[in-house]
Amino acid sequence: AYAVVRTAEDMRSILDRDFGNTLNEKEKQNTCTGLGAYFNNRTYFIAENIDNSNNFIRTWAHENAHRETEHNFSEDFLASIYEAFEASEQGIVDKLLPSRYADLSTAEKVDEMLSFTIEEMFTQAAMQGHSLTSKQIDRMTSMGNIDFKGALSTIYNNIINVQNNE
């Protein structure tokens, strides 16, 4: 399900209503300054923060990736991906993510890495005017381990299938 909110203030009202004190002030602020959010099985777009179609595509892909990750992978599986990245290069995950994600759990960090990668894949596909091929996915994820690549493939294919059925 999708919802569009007009302003960051409207998004803040939804967060306060749905989460109350379970989200801290920093989490609420990060959500409201972004382009969108995914929670409670719904993708939200913050209209005032989306100024062009490219930002809409990025947000749509990123938030749908969160949905697919939530529905397809356990926290333990995501944490194992984190550990595999860290085993190959200590601190790599934190280097790749914006600093505002530093306090997330290991599973949440991998969820964000997957979502940012999917976002980039869909943006590249939109610029090319077609869906990505598996060869392009492999090229874009060459730094990833096998579980990361498999998760990306699952998420990407599920989003494409949902899009084609809507």
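Right, let's walk through the structure included here. Just so you know, these numbers come straight off a predicted model, no measurement behind them.

Calculation notes
Residues numbered from 1 in each chain as written. Predicted model: local features only at pLDDT ≥ 70, side-chain atom pairs only at ≥ 80, totals over all residues. Heavy atoms only, no water. Helix = DSSP H or I, 4+ residues; strand = E, 2+ residues; numbered from the N terminus. Buried < 20%, exposed > 50% of the residue type's maximum accessible area, 1.4 Å probe, protein only. Contact = heavy atoms within 4.5 Å. Arc of directions from axis to C-beta. Polar contact = N/O pair within 3.5 Å; in protein donor to acceptor, adjacent residues only side chain to side chain. Expected span 1.5 Å × (residues − 1).

In terms of regular secondary structure, the protein is built from eight helices and three strands. Here the protein holds 166 residues, and the buried ones make up 43% of them. Counting contacts in the protein only where the partners sit at least 6 residues apart, residues at least 24 apart contribute 63% of the total.

Tracing the backbone through its elements, the reader meets Lys109 in helix α6 (residues 106-128). On the basis of relative accessible area, Lys109 is assigned to the buried category, the value being 6%. Setting aside its immediate chain neighbours within four residues, Lys109 contacts Tyr82, Val93, Asp94, Leu97, Tyr101, Ala102 and Leu104.

With that out of the way, let us pick up helix α2 (residues 25-33). Of the residues making up α2, those classed as buried are Lys28, Thr31 and Cys32. On an axial view of α2, the arc spanned by its buried residues comes to 95 degrees, and they lie on one face. Buried-residue contacts for α2 involve α1 (8-19), β2 (36-39) and β3 (42-46). Put simply, Asn24 is the residue that caps the front of α2, since its side-chain oxygen is 2.9 Å from the backbone nitrogen of Lys26.

What follows is about the environment of Leu152. For Leu152, the location among the structural elements is in helix α8 (residues 146-165). A relative accessible area of 0% places Leu152 in the buried class.

Turning to helix α3 (residues 53-72), a few remarks are in order. Across its 20 residues, α3 extends 28 Å between first and last C-alpha, which sits within 8% of the 28 Å expected from 1.5 Å per residue. Within α3 the residues assigned to the buried category are Asn55, Thr59, Trp60, Ala61, His62, Glu63, Asn64, Ala65, His66, Arg67, Glu68 and Thr69. The N-cap residue of α3 is Asn52: its side-chain oxygen and the backbone nitrogen of Asn54 are 3.1 Å apart.

Any functional reading would require information that these geometric values do not contain.
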